[in-house]
Amino acid sequence: MSGSTIKPWVVGNWKMNPVQSNAQQLIEEFKQLLQQNPILEEQCQIGVAPISIALQHVQQQLADANRSILTVAQDLSRFAGTGAYTGEVSAELLKDSSIEYVLVGHSERREILGDTTEVLKAKVQNALNAGLTVIYCVGESLEQREAGQAEQVVLQQICDITAVVKADDWRNIVIAYEPIWAIGTGKTASPEDAQMMHAKIREGLSQITALGASIAILYGGSVKPENAADLANCPDINGALVGGASLNAESFYKIAEAFANTK
Ligand code: 13P
C-alpha cells in the first residue's frame with residue numbers, strides 16, 4: 001500500500017482515436033472485464049476521454065457497466081456560454097450534455113494546437129464556473145529537463161491558473177503530470193523521478209491552497225500494465241492518465257486494477 005488516502009483516478013485519454021466500431025468494442029470488452037473481476041468505486045475512479053462527437057454515445061454505452069465510469073471531454077472552448085464561435089464547444093454546453101469532466105492543458109494542445117497560458121486560464125475558469133471538474137495537465141519538455149528546469153516549468157504551469165481558481169474550486173481540480181518526453185515514446189519517467197516531481201507539485205499546491213493535501217496528482221506518459229504497480233506504489237502518484245494503453249481494454253483494465261489494489 002502506498003499510504004495515500006486520496007482515491008486513485010485512472011483515466012484513458014483516447015486522443016484522436018479510435019473509429020466508432022472499435023470504440024464500441026473497446027467499451028464492451030472493458031465492461032466485461034469489470035464484470036468478471038470488479039474494481040470497486042471506492043478503490044479507484046475510472047474514466048475515459050473520447051473524441052468530442054463520441055462523448056454522449058460513449059456515456060450511454062458506459063451507463064450499464066457494473067460501476068460508474070466517467071466520461072471526460074478532451075478539451076473545451078475558451079469562450080463561455082453560447083454564441084457565434086464556429087466549431088467550439090463551451091463548458092456550459094458540455095454540462096448541458098451531462099459531461100462533468102474535462103482535460104485542460106494537455107501538452108499536445110499546448111505544443112501543437114496553440115493553447116497559450118491565457119487560453120488555458122480562460123478554459124479552466126469557464127470549466128469551473130460551469131461546475132465541471134478539470135484535469136489540468138502539466139509537464140516539461142526534454143530540453144527543459146536536461147537544462148534542470150523541469151520543476152520550475154511545472155510549478156509555473158500550476159501557478160498560471162491560480163488566479164482563476166477560487167478557494168473552493170480546488171476541490172474540482174485534478175492535476176496530471178505528463179513529462180512531454182515520456183508521452184507516446186515508451187519511455188516512462190522512473191517511479192523515483194515521477195514521485196519526486198509529484199512531491200514538488202504537492203508542496204506547491206499546499207502553498208497555494210489549504211486543499212493541497214487532498215488533490216489527486218496523476219502521472220501520464222507511457223503508463224502500461226508493466227509499470228503501473230511501481231508507479232502506483234509511490235505515495236504522491238494518485239493515478240494515471242493513460243494514452244496508448246487505454247485503447248486496449250485489457251491493458252487499461254490492468255492499469256486500473258494495479259492502482260485499485262495498491263492504493
Ligand atoms: P501515452 O500513454 O500514449 O504515452 O500518452 C500519455 C498521454 O498523453 C495521456 O494524456
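Residues numbered from 1 in each chain as written. Predicted model: local features only at pLDDT ≥ 70, side-chain atom pairs only at ≥ 80, totals over all residues. Heavy atoms only, no water.

Labelled according to an unreviewed UniProt entry, the protein appears under the name Triosephosphate isomerase, originating from Acinetobacter gerneri DSM 14967 = CIP 107464 = MTCC 9824. Per UniProt, the comment on the protein under Catalytic activity (unreviewed entry) is "D-glyceraldehyde 3-phosphate = dihydroxyacetone phosphate". The UniProt entry for the protein carries the following comment under Sequence similarities (unreviewed entry): "Belongs to the triosephosphate isomerase family." (UniProt positions renumbered as here; feature names shortened; annotations may be inferred.)

J.: Which residues make up the packing of aromatic side chains, and what values go with them?
T.: Per the stated rule, a full pass over the model turns up 5 aromatic pairs. Put simply, the rings of Phe30, Phe252 and Tyr253 touch in pairs and so form one group of aromatic residues. (Phe/Tyr/Trp six-rings, centres within 6.5 Å; stacked < 30°, edge-to-face > 60°.)

J.: So what's going on with the site of the ligand? Which residues, and what values?
T.: As a matter of local geometry, the ligand sits amid Asn13, Lys15, His106, Glu178, Ala182, Ile183, Gly184, Gly221, Ser222, Leu241, Gly243 and Gly244. At 2.8 Å, a side-chain N or O of histidine 106 approaches an oxygen atom of the ligand. Contact between the ligand and glutamate 178: an oxygen atom at 2.9 Å from a side-chain N or O atom of the residue. In the complex, the protein chains occlude 94% of the 310 Å² of accessible area that the ligand would expose alone. (Near = heavy atom within 4 Å. Polar contact = N/O pair within 3.5 Å; in protein donor to acceptor, adjacent residues only side chain to side chain. Areas by Shrake-Rupley, 256 points an atom, 1.4 Å probe, with all protein chains shown as cover.)

J.: I'd like to hear about the sheet that holds strand β6 (residues 173-177), residue by residue, with values.
T.: Strand pairing in a sheet is mediated by backbone hydrogen bonds. Such pairs are either parallel or antiparallel. One closed barrel holds the 8 strands; their spatial order is β1-β2-β3-β4-β5-β6-β7-β8, and the pairing between them is parallel. Pairs of neighbouring strands in the sheet enclose a mean axial angle of 25°, with direction left out of account. The pairing of β6 with strand β7 (residues 217-220) spans 3 bridges and is parallel. Counterpart to tyrosine 177 in the pairing with β7 is tyrosine 219. (Pairing = 2+ DSSP bridges. Helix = DSSP H or I, 4+ residues; strand = E, 2+ residues; numbered from the N terminus. Axes fitted to C-alpha atoms, helices over the stretch in contact; angles between N-to-C directions.)

J.: Residues and numbers for the side chain of threonine 133, please.
T.: Relative to the assigned elements, threonine 133 resides in strand β5 (residues 133-138). Using a relative accessible area of 12% as the deciding quantity, one classes threonine 133 as buried. Apart from residues no more than four positions distant in its own chain, threonine 133 is found in contact with Trp9, Glu100, Tyr101, Val102, Asn172 and Val174. (Buried < 20%, exposed > 50% of the residue type's maximum accessible area, 1.4 Å probe, protein only. Contact = heavy atoms within 4.5 Å.)

J.: I'd like a rundown of helix α9 (residues 225-232), residues and numbers included.
T.: Residues of α9 that are buried: Asn227, Ala228, Leu231 and Ala232. End-on view of α9: buried residues confined to an arc of 135°, all on one side of the axis. Residues of α9 that are buried make contact with α8 (191-208), β7 and α10 (249-262). (Arc of directions from axis to C-beta.)

J.: Which residues make up unusual backbone geometry, and what values do they have?
T.: Phi at lysine 15 is positive, roughly 50°, even though this residue is not glycine. Considering the arrangement of structural elements, one finds lysine 15 in the loop between β1 (9-13) and α1 (20-36). For serine 222, which is not glycine, the phi dihedral falls at a positive 55°. Position of serine 222 among the secondary structure elements: in the loop between β7 and α9.

J.: Just give me the short version of the pattern of salt bridges, but keep the residues and values in it.
T.: Opposite charge on two side chains permits them to pair, given that their charged atoms come into close proximity. Enumeration according to the criterion identifies 13 salt bridges in this entry. With its nearest N and O atoms 3.7 Å apart, the salt bridge here joins arginine 171 to aspartate 168. By sharing partners, the salt bridges in this structure join Asp75, Arg109, Asp115 and Lys123 into a single network. (Salt bridge = Lys/Arg side-chain N within 4 Å of Asp/Glu carboxyl O.)

J.: Could you give me a rundown of the state of the cysteines, with the residues and numbers involved?
T.: According to the stated counting rule, one finds 0 disulfides in the structure shown. A disulfide-free cysteine, cysteine 44 has its sulfur positioned 16 Å from the sulfur of cysteine 234, the nearest such atom. For cysteine 44, a relative accessible area of 0% gives the class buried. (Disulfide = S-S within 2.5 Å.)

J.: Explain helix α2 (residues 55-62) to me, using residue names and the numbers behind them.
T.: Within the span of α2, buried status applies to Leu55, Val58, Gln61 and Leu62. The buried side chains of α2 occupy one side of the element, clustering within an arc of 130° when seen end-on. Looking at the packing, one finds that the buried side of α2 touches α1, β2 (45-49), β3 (70-73) and α3 (91-96).

J.: Break down the packing of α1 against α2 for me, citing the residues and quoting the values.
T.: Between α1 and α2, the shortest axis-to-axis distance is 10 Å and the interhelical angle comes to 25°. Taken together, the axes of α1 and α2 are roughly parallel relative to one another. The handedness of the crossing between α1 and α2 is right-handed. Residue-level contacts link Ala23, Gln24, Ile27, Glu28 and Lys31 of α1 to His57, Val58, Gln61 and Leu62 of α2. Grouping the amino acids of the contact of α1 with α2 by side-chain chemistry returns 4 nonpolar, 3 polar and 2 charged. (Parallel < 35°, antiparallel > 145°, perpendicular 65-115°, else oblique. Left-handed = near helix turned anticlockwise from the far one by under 90°. Nonpolar A, V, L, I, M, F, W, Y, C, P; charged D, E, K, R; others polar.)

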